[in-house]
Amino acid sequence: MSPHRPAQTRVFSVRLPFLVSPSKSRKGRDSPAETSTTRATSDSARKRRTTLDRVGTAAPVSKPRWLEESTLSECRFQDGHSAEEHEALDFSSTNMTHFTYGITANVVAVLLYGSNFVPVKKIETGDGMFFQWVSCAAVWLVSMIGDLMLQSPKFHPFAMLGGVIWATGNIAAVPIIKAIGLGLGVLLWGSSSLLTGWASSRFGWFGIPAQEVARPVLNYCGAGLCLLSGLIFFFVKTDVELHPGEETVPLLIDRRTNSSSYGPTSSEFWINVIGPKTRRFLGCFLAVLSGLLYGSAFAPILYIKSHSSCHDSMFHGASIYDLDYVYAQCSGIFLASTVYFAIYCAAMNNRPRVYSRAILPGMLTGLMWALATYCWFLANTYLSPVVTFPIITAGYGLVAALWGSLVFREIKGFLNCTIFTVASCVVLCGSLLTAVSKL
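Note that the structure is predicted; figures quoted are calculated from it, not measured. (Residues numbered from 1 in each chain as written. Predicted model: local features only at pLDDT ≥ 70, side-chain atom pairs only at ≥ 80, totals over all residues. Heavy atoms only, no water.)

1. Remarks on the overall build of the protein chain
Looking only at helices and strands, one finds 15 helices and two strands in the protein chain. In the protein chain, which comprises 439 residues, the proportion classed as buried is 46%. Expressed as a percentage of contacts within the protein chain between residues at least 6 apart in sequence, the contacts between residues at least 24 apart total 83%. Element-wise, carbon and sulfur atoms account for 66% of the exposed surface of the protein chain, whose accessible area totals about 23,000 Å². (Helix = DSSP H or I, 4+ residues; strand = E, 2+ residues; numbered from the N terminus. Buried < 20%, exposed > 50% of the residue type's maximum accessible area, 1.4 Å probe, protein only. Contact = heavy atoms within 4.5 Å. Areas by Shrake-Rupley, 256 points an atom, 1.4 Å probe, with all protein chains shown as cover.)

2. Regarding the packing of aromatic side chains
Across all of its chains, the model carries 28 aromatic pairs by this definition. Each ring, one from Phe158 and one from Phe315, has its centre 5.6 Å from the other, and the planes form 40°; the classification is tilted. Of this pair, Phe158 sits in the loop between α4 (129-150) and α5 (160-170) while Phe315 sits in the loop between α11 (299-306) and α12 (326-347), and the two are 157 residues apart along the sequence. An angle of 75° between the planes, with centres 5.7 Å apart, marks the rings of Trp189 and Tyr294 as edge-to-face. Taken as a pair, Trp189 in helix α7 (residues 182-203) and Tyr294 in helix α10 (residues 276-296) lie far apart in primary sequence, 105 residues in all. Ring-pair connections join several aromatic residues into one group, and the members of that group are Tyr113, Phe117, Phe131, Trp166, Trp189, Tyr294, Phe298, Trp369, Trp376, Phe377, Phe389 and Tyr396. Above the ring of Phe408, the side-chain terminus of Lys121 is found at 5.8 Å from the ring centroid. (Phe/Tyr/Trp six-rings, centres within 6.5 Å; stacked < 30°, edge-to-face > 60°. Lys NZ or Arg CZ within 6 Å of the ring centre and 35° of its normal.)

3. Quick notes on the pattern of salt bridges
Enumeration over the complete set of coordinates arrives at three salt bridges. Notably, a salt bridge pairs Lys121 with Glu410, separated by 2.6 Å at the nearest N-O pair. One end of the pair, Lys121, is in the loop between α3 (83-115) and α4; the other, Glu410, is in the loop between α14 (385-407) and α15 (414-437), and 289 residues separate them in sequence. The exposure classification of Lys121 matches that of Glu410, with both residues buried. In this structure, Glu124 and Lys178 form a salt bridge, with 3.0 Å as the shortest nitrogen-oxygen distance. Here Lys178 lies in helix α6 (residues 173-180) and Glu124 lies in the loop between α3 and α4, a separation of 54 residues in the sequence. (Salt bridge = Lys/Arg side-chain N within 4 Å of Asp/Glu carboxyl O.)

4. Side note on the environment of Phe233
As for its placement among the helices and strands, Phe233 is situated in helix α8 (residues 216-233). Here the alpha-carbon distance between Phe233 and Gly185, two residues 48 residues apart in the chain, equals 9.5 Å. If we ignore the near neighbours within four places in the chain, the residues touching Phe233 are Leu184, Leu187, Leu188, Ser191, Arg280, Phe420, Ala423 and Ser424.

5. Focus: the packing of α5 against α10
Contact pair α5 / α10: the axes reach a minimum separation of 8 Å and the direction vectors enclose 160°. In terms of orientation, α5 and α10 fall into the roughly antiparallel class. In terms of crossing hand, the pair formed by α5 and α10 is left-handed. Residue-level inspection shows Ile165, Trp166, Thr168, Gly169 and Asn170 of α5 in contact with α10, the latter providing Ser290, Leu293, Tyr294 and Ser296. (Axes fitted to C-alpha atoms, helices over the stretch in contact; angles between N-to-C directions. Parallel < 35°, antiparallel > 145°, perpendicular 65-115°, else oblique. Left-handed = near helix turned anticlockwise from the far one by under 90°.)

6. Side note on α15
Its 24 residues place the ends of α15 35 Å apart at the C-alpha level, agreeing with the 34 Å of an ideal helix rising 1.5 Å per residue. Residues of α15 that are buried include every one of Asn416, Phe420, Ala423, Ser424, Val426, Val427, Gly430, Ser431, Thr434, Ala435 and Ser437, and no others. Packed against the buried residues of α15 are α7, α8 and α14. (Expected span 1.5 Å × (residues − 1).)

7. Observations concerning the nonpolar core
If you look at the biggest cluster of nonpolar residues, it comprises 69 residues, and the most contacted ones within it are Tyr113, Phe117, Ile180, Leu182, Trp189, Phe233 and Trp376. Core analysis: the next-biggest nonpolar cluster, separate from the first, contains eight residues, Met129, Tyr344, Cys345 and Val354 among them. (Core = buried A, V, L, I, M, F, W, Y, C linked by side-chain atoms within 4.5 Å.)

8. Looking at α5
Every buried residue belonging to α5 is among Met160, Gly162, Gly163, Trp166, Ala167, Gly169 and Asn170, and all of these are buried. The elements touched by buried residues of α5 are α4, α6, α10, α11, α12 and α13 (359-382).

9. Looking at the packing of α8 against α15
At their nearest, the axes of α8 and α15 sit 7 Å apart, and the two run at 160° to each other. Taken as axis vectors, α8 and α15 run roughly antiparallel relative to one another. Both α8 and α15 take part in a crossing whose hand is left-handed. A breakdown of the residues in the contact of α8 with α15 according to their chemical character gives 16 nonpolar, eight polar and no charged. (Nonpolar A, V, L, I, M, F, W, Y, C, P; charged D, E, K, R; others polar.)

10. Some thoughts on unusual backbone geometry
It is generally the case that most residues other than glycine have a negative phi and that most peptide bonds are trans. Of note, Asn349 is a non-glycine position whose phi angle comes to about 60°, a positive value. Mapped onto the fold, Asn349 is located in the loop between α12 and α13. Positive phi, close to 55°, is recorded for Arg409, a residue that is not glycine. Locating Arg409 in the fold gives a position in the loop between α14 and α15.

11. Quick look at the confidence of the model for the protein chain
The predicted model of the protein chain averages 76 in pLDDT, with 72% of residues at 70 or higher. Per-element confidence in the protein chain is highest for α12, whose mean pLDDT is 96, and lowest for strand β1 (residues 10-11), whose mean pLDDT is 39. Across residues 243-249, confidence stays below pLDDT 50; counting only partners more than four residues off in sequence or on other chains, it has 20 contacts. The model gives residues 253-267 a pLDDT under 50, and that stretch makes 25 contacts with residues more than four places away or in other chains. (pLDDT = per-residue confidence, 0-100.)

Rendered as structure tokens:
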């Protein structure tokens, strides 16, 4: 009896046949010994039938197979439902519970992903290299604590490759936000990420088995709408403030040196000195490129999971749960960001642009991203990744768009707002069609 199911009483109404060995049946009167044997058999069968007719469950003492099959269909609970109906009700209740947990985790992940760059929006970060290193360090710290709490199984270094890919795309996050704004930037790389994830799973890229969908027409229509939304977003003009913070001088700059020999001001960052049209083009280009990398970052995890059942694979027996790979991927993120920051320091003659006001916002950004990833992978446990991925990639873009348009006033003018709204609705419809086509 399941611990979650209330105690219920089964009523059996089964008529047992009178079992007599054919070899012992004779015509006419039997011998006294055979008569007593037959009477004993009759009494035993009568007792078994009486026990089964009682309210309760008969003792399962070596029932014949035919008896088990016949009683299954005639079993009734006191509420009038059969055993099969109760199993169906329990299965439906479990599915609804898992669906609720999955949707809740999805919503939390969407809110955190769409808001993780909000803390840095009003903070001067220069070229963003120091900020991305701080945020990646926070990501790794949260994943290490989560790994200790979850006691994940074997560490697969191959999953770190996904973290390296993600950290490579994350280098351009700050320049993108400075160039085209938070809302437009996140929406563009979200649409690009969605298309990359869709194509890799649909056509079997990167060694991942191709996934068949129940409704191919809806699947292709959803991908087409996501591509169309990305094209519409290019027509949205944003008004981005280039100098939001008070701290314009990096912390580690030697203020005794001449400012002309080593420019300490934020205006020397390349994104601030180029023209508006060039800045807009580069921002959109970097957003699409970062989206391609973000969409490919989870391919190593999918590869490990898809080869866990192959006996001749080095990943045979690997875990099929996404949560067990978070620490490995975040370790790759921190390792790659550290290498990139070291190269940056060497290129800057050991004078990196370090802004003290970006430390706490960077840690908060990393914390929000790591928690969002845990929520997303938790949603994959209750739902399917082919359902959660389109919803999350489109959802966090819409959340970031609300932050950019309503709070930071990056999109102004009736025409701009109309184009932006239409593009947001198109990408939302495309993600929903992609998710529904796989159900």
